[in-house]
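Residues per chain, in single letters:
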Amino acid sequence: MLRPDVSPTFPSVPVASPCSPEARSQGPRYNFGLQETPLSRPSAQAASASSPPGTSGAAGDRSGSSSLPGHPLSALPPQGSYFRNRSSFAENTHASHVMLGTSSSSAQDSNYPQILKSPLCAGIPQRSGYKSWTPQMGYSATSSSAVSAHSPSVIVAVVEGRGLARGEIGMASIDLKSPQIVLSQFADNTTYAKVITKLKILSPLEIIMSNTACVVGNSTKLFTLITENFKNVNFTTIQRKYFNETKGLEYIEQLCIAEFSTVLMEVQSKYYCLAAVAALLKYVEFIQNSVYAPKSLKICFQGSEQTAMIDSSSAQNLELLINNQDSRNNHTLFGVLNYTKTPGGSRRLRSNILEPLVDVETINMRLDCVQELLQDEELFFGLQSVIAKFLDTEQLLSVLVQIPKQDTVNTAESKITNLIYLKHTLELVDPLKITLKNCNTPLLRAYYGSLEDKRFGIILDKIKTVINDDARYMKGCLNMRTQKCYAVRPNINEFLDIARRTYTEIVDDIAGMITQLAEKYSLPLRTSFSSARGFFIQMTTDCTVLPNDQLPSEFIKISKVKNSYSFTSADLIKMNERCQESLREIYHMTYMIVCKLLSEIYEHIHCLYKLSDTVSMLDMLLSFAHACTLSDYVRPEFTDTLAIKQGWHPILERISVEKPVANNTYITEGSNFFIITGPNMSGKSTYLKQIALCQIMAQIGSYVPAEYSSFRIAEQIFTRISTDDDIETNSSTFMKEMKEIAYILHNANDKSLILIDELGRGTNTEEGIGICYAVCEHLLSLKAFTLFATHFLELCQIDVLYPNVENMHFEVQHVKNTSRNKEAILYTYKLSKGLTEEKNYGLKAAEVSSLPPSIVLDAKDITTQITRQILQNQRSTPEMERQRAVYHLATRLVQTARNSQLDPDSLRTYLSNLKKKYEADFPRAEQDSGKTEE
Ligand SMILES: Nc1ncnc2c1ncn2[C@@H]1O[C@H](COP(=O)(O)OP(=O)(O)OP(=O)(O)O)[C@@H](O)[C@H]1O
């Protein structure tokens, strides 16, 4: 009998038609050990043999894969292939012509300089805990839980231009769960805000950069910034020569499926993203130990102009994906909108929230769909029930288009599983089509049209000639094992039929043996199964049934959880081994048949890209409609005004028992800067966030929480909302807010939505006001829509100088608490025009807090004294006041002249208006005002 640990090679079992004889010759050379048996590590010689001398590898390696049998999905492993897996890569780093090095993510890592010093990277530490998804792990039917759908699986290559091209960034990313490569290239400024934001959105598992970006003591700014911002992400540096644009173009030509081949035209002259994709694919093929089949990948170019930019700290402030108090709860925008049923749908929702659309037409098409789903109940429920049955189509595709370089039991098992999933998926196309048949909106009709693709039927028919009709995806590992075992129809391979009969007999024998044991010992024994243990015995009972509280000595490997015992016996272990043996034979023969089948259907398989796109989008739109049914959301309009009638905070609504107080918003180009004041706890931050959340919801095609809403498309959404000190980056509150505000000032434009809350709180009042004033004046030079919440009431005076500034405040009411004979504050959360008239509200808030009354009393006393002192110092003659005003005016004029982009005529008009205003305020100061104007 074959013992897996003795001989890892599968005995050559004859395979009947249709697979033999040529299928046998093309079939996998199997490592059928119970555990994966890695191929022996190839020598550096073998490595150089597989890469033609003088080439940087990409073409050489692929030509290695082209020696595979004609068909892309054939499983014959490439001979002498250099790359095996990450660990062999680390061992092979002496072969410096392949890759330079792998380093841990942190620039502060003690190994780091050492790694970079060595040109050959000998002694590169193995990264512990690295766990990447591999095709051998197979496609698992994931639940739609956000966690599994969003665990990092993206690898990104980043490269920056050199010399005059510094600041030109090329990026290429691939999600290991989805066979899609996204390329982008853009110019970034010195803060590299776009790169960092893009990377944060991708949430990578690993980042690849060129070794020239991190020469010790002379790392590029981009490299330093990335390592600082992504401390928990794995970093790999590879030789610059692998960032080769010519190879990148070749890769795209070879791998991109016909439907998306227009990408070639888009990226032909985008050298940096081409260079990045070359390095990325070379690396992924290495770590995955597999190559992508020719014409199998969706490759697309994504410019930064197609979506709105939300930087990562704004995403965090707004709690788009993660709740700031408790990262496990779903009190986030994602939580509010996520009623998706598939992992693809939930991934799509996540990426949309982080990168909302900017194209009104597309947004309106989505809104039309949501509207139809809301109006047609039958459509909504019908669609929801079909969509819920889909598995992760993207991941399925991802596995189907990879050719493993090594064949093991696991790869075989995973291919069989995937074929069953493929059948399951394709069987859902018709029900989906029927549900969408009578839809009216263009997008739903387009999705219906995409399902009419004949290839779905062709693939399914071919599958059905080989695979049993009732082979389908089932929950539970034993169920799935049975499905895999009996997936292939009978009479296709007589040896397979025999092996299956043997397997059934062994399983029956196991059941019979356990029944006999139960009778023999008069115990309630039950047959159980787990993928780790195989068949074992379980017994749920209290100890009184057992003589001497002991199980019979025949039972071994006993474990007990509460009153449930699990154990096995020597005979059962042997039978499990026989069972595994026959299973391996079955899998081997099934795999041969499946590979042949896959090779026949392969040319049609790309219709699944369309299907996965359709399913994830429908899932997201259904989710939007579902969210609407739980609250009174309204369809947004898109104009050049931000107008929200009675809007409320969607996350607060989910948390609180009562519906949040709704408020109006009306921001136009002529009145685009709102200063919001109000006591502590009156609702300022909530209001600011609510506007941003509504804006994002509208721009992803969702309805919004309001009675009416109209939005101006925002190209960027910036927030500066006070949070606690960032201990991780060791920056003080003040430095953190300065960094955040600098980022906004550098990047905001006329189409931005900017929300600033409590700027300048990290320093003293005078300086805080100064900073706020300067920041406001800078932002006022833009047509961006800005909301600025502050406790510095002095700032409200800015409306005198700028007609586009509006002062708003949150009202509070003072009520007498008769029982305690004290005044209490009642928060109305209502926004009104003008600035707040509340005084000393900090003390009032402190009074209702848990601060000891004696401290509050002291604080009141000290405040009164300081206020008196300030008033005394400020007491001045009318002449002093006049001079102060002249000084202030002169400063303003100089500043305006310096900053202004106005033409001379406009500047003159502006100055003369200012002069008139000054003369009106100080009628006896005409001479001075004349001087000032000069
Ligand atoms: N519109 C609303 N409806 C109901 N409750 C609200 C509303 N706005 C705010 N609240 C409640 O009031 C609390 C305080 O609000 P928020 O933090 O926005 O106040 P604030 O004015 O920004 O306070 P501070 O100035 O101290 O930062 C919120 O946590 C929320 O529970």
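Residues numbered from 1 in each chain as written. Predicted model: local features only at pLDDT ≥ 70, side-chain atom pairs only at ≥ 80, totals over all residues. Heavy atoms only, no water.

- In the nomenclature of an unreviewed UniProt entry, the protein is known as MutS protein homolog 4 of Odocoileus virginianus.
- According to the UniProt record, the Sequence similarities (unreviewed entry) comment for the protein is "Belongs to the DNA mismatch repair MutS family." (UniProt positions renumbered as here; feature names shortened; annotations may be inferred.)

## Focus: the overall build of the protein
Thought 1: Tallying secondary structure elements over the protein gives 34 helices and 26 strands in all.
Thought 2: Classification of the 934 residues of the protein by burial places 54% in the buried group.
Thought 3: If you take every contact in the protein between residues at least 6 apart in sequence, the share linking residues at least 24 apart comes to 74%.
Thought 4: With an accessible surface of roughly 41,900 Å², the protein has 52% of that area assigned to carbon and sulfur atoms. (Helix = DSSP H or I, 4+ residues; strand = E, 2+ residues; numbered from the N terminus. Buried < 20%, exposed > 50% of the residue type's maximum accessible area, 1.4 Å probe, protein only. Contact = heavy atoms within 4.5 Å. Areas by Shrake-Rupley, 256 points an atom, 1.4 Å probe, with all protein chains shown as cover.)

## Thoughts on helix 23 (residues 494–521)
Thought 1: With 28 residues, helix 23 should reach 40 Å at 1.5 Å per residue; the first-to-last C-alpha distance of 41 Å fits that figure.
Thought 2: Residues of helix 23 that are buried in the fold lie against helix 22 (477–485), strand 13 (526–530), strand 14 (534–540), strand 15 (555–561), strand 16 (564–569) and helix 24 (570–601).
Thought 3: One side-chain oxygen at the N-terminal end of helix 23 lies 2.9 Å from the backbone nitrogen of Phe 495; it belongs to Asn 493.
Thought 4: Looking one or two residues past helix 23, Ser 522 carries a phi angle of roughly 50 degrees, positive in sign. (Expected span 1.5 Å × (residues − 1). Polar contact = N/O pair within 3.5 Å; in protein donor to acceptor, adjacent residues only side chain to side chain.)

## Some words on the site of the ligand
Thought 1: Of all residues adjacent to the ligand, which total 14 residues, the nearest are Val 661, Met 681, Lys 684, Ser 685 and Thr 686.
Thought 2: Contact distances for the ligand include 2.6 Å between an oxygen atom and a side-chain N or O atom of Ser 685.
Thought 3: At a separation of 2.6 Å, an oxygen atom of the ligand approaches a polar side-chain atom of Thr 686.
Thought 4: Relative to its unbound accessible surface of 630 Å², the ligand loses 74% to contact with the protein.
Thought 5: Here the element with the most residues in the shell around the ligand is helix 27 (residues 684–700); it accounts for 3 residues.
Thought 6: Residues that form the shell around the ligand fall into these classes: 6 nonpolar, 6 polar and 2 charged. (Near = heavy atom within 4 Å. Nonpolar A, V, L, I, M, F, W, Y, C, P; charged D, E, K, R; others polar.)

## A closer look at the sheet that holds strand 21 (residues 708–711)
Thought 1: Spatially, 17-21-18-19 is the arrangement adopted by the 4 strands of the open sheet, whose pairing is mixed. Edge positions in the sheet fall to strand 17 (637–638) and strand 19 (663–667), since each of these pairs with one other strand and no more.
Thought 2: As paired strands, strand 18 (residues 642–647) and strand 21 are joined by 3 bridges and run antiparallel to one another. Looking at the pairing, Ala 643 lines up with Ser 710 of strand 21.
Thought 3: Against the sheet, helix 27 touches strand 17, strand 18, strand 19 and strand 21, its axis set at about 70 degrees to strand 19. (Pairing = 2+ DSSP bridges. Axes fitted to C-alpha atoms, helices over the stretch in contact; angles between N-to-C directions.)

## Observations concerning the environment of Lys 415
Thought 1: With respect to the helices, strands and loops of the structure, Lys 415 is situated in helix 18 (residues 409–426).
Thought 2: Here Lys 415 falls in the buried class, since its relative accessible area comes to 5%.
Thought 3: Spatially, the C-alpha atoms of Lys 415 and Leu 396 are 9.9 Å apart, while their sequence positions differ by 19 residues.
Thought 4: Ignoring any residue separated from it by four or fewer positions in sequence, one finds Lys 415 in contact with Val 399, Gln 402, Pro 404, Tyr 591, Val 594 and Leu 598.

## Here we look at the sheet that holds strand 16
Thought 1: Here we have 4 strands laid out as an open sheet, ordered 13-14-16-15, and antiparallel in their pairing. Whereas interior strands pair on both sides, the edge strands pair on one side only; in this sheet they are strand 13 and strand 15. Within this sheet the neighbouring strands show an average axis-to-axis angle of 35 degrees, counted without direction.
Thought 2: When strand 13 meets strand 14, the two strands line up antiparallel, connected through 5 bridges. Bridge assignment links Thr 527 to a residue of strand 14, and that residue is Ile 537.
Thought 3: Most of the contacts of helix 22 go to strand 13, to which it runs at about 75 degrees, and overall it touches strand 13 and strand 14.

## Description of the side chain of Thr 828
Thought 1: Within the element layout of this structure, Thr 828 appears in strand 26 (residues 822–833).
Thought 2: Here Thr 828 falls in the buried class, since its relative accessible area comes to 15%.
Thought 3: Here Glu 811 takes part through its backbone oxygen, which lies 2.8 Å from a polar atom of the side chain of Thr 828.
Thought 4: Those residues in contact with Thr 828 that sit more than four places away from it in its chain are Val 661, Glu 811, Val 812 and Gln 813.

## Points about the packing of aromatic side chains
Thought 1: Following the criterion strictly, the structure yields 12 aromatic pairs and no others.
Thought 2: Pairing Tyr 687 with Phe 810 gives two aromatic rings, centres 5.7 Å apart and planes at 70 degrees, and the pair type is edge-to-face. Of this pair, Tyr 687 sits in helix 27 while Phe 810 sits in strand 25 (residues 805–817), placing them 123 residues apart in sequence. The pair Tyr 687 / Phe 810 is uniform in exposure class, with both members buried.
Thought 3: One aromatic cluster is present, built from ring pairs that chain together Tyr 521, Phe 555 and Phe 567.
Thought 4: Its guanidinium or amino end placed over the ring of Phe 230, Lys 200 lies 5.4 Å from that ring's centre, counting from NZ or CZ.
Thought 5: Across the ring face of Trp 648, the terminal group of Lys 659 is positioned such that the distance to the ring centre comes to 3.7 Å. (Phe/Tyr/Trp six-rings, centres within 6.5 Å; stacked < 30°, edge-to-face > 60°. Lys NZ or Arg CZ within 6 Å of the ring centre and 35° of its normal.)

## Topic: unusual backbone geometry
Thought 1: Even without a glycine there, the phi angle at Glu 319 is positive, about 55 degrees.
Thought 2: Along the chain, Glu 319 falls in the loop between helix 12 (312–317) and helix 13 (333–337).
Thought 3: Given the relative accessible area of 12%, Glu 319 is considered buried.
Thought 4: The residue Gln 646 is not glycine, and still its phi comes out positive at about 50 degrees.
Thought 5: Position of Gln 646 among the secondary structure elements: in strand 18.

## Focus on the packing of helix 22 against helix 24
Thought 1: Relative orientation of the contacting elements helix 22 and helix 24 amounts to 50 degrees, with a least axis distance of 10 Å. As judged from the angle between their axes, helix 22 and helix 24 are oblique. Residues Arg 481, Lys 484 and Cys 485 of helix 22 form the contact with helix 24, whose own contacting residues are Cys 579, Gln 580, Leu 583, Ile 586, Tyr 587 and Thr 590.
Thought 2: Across the contact of helix 22 with helix 24, the residue classes tally to 5 nonpolar, 2 polar and 2 charged. (Parallel < 35°, antiparallel > 145°, perpendicular 65-115°, else oblique.)

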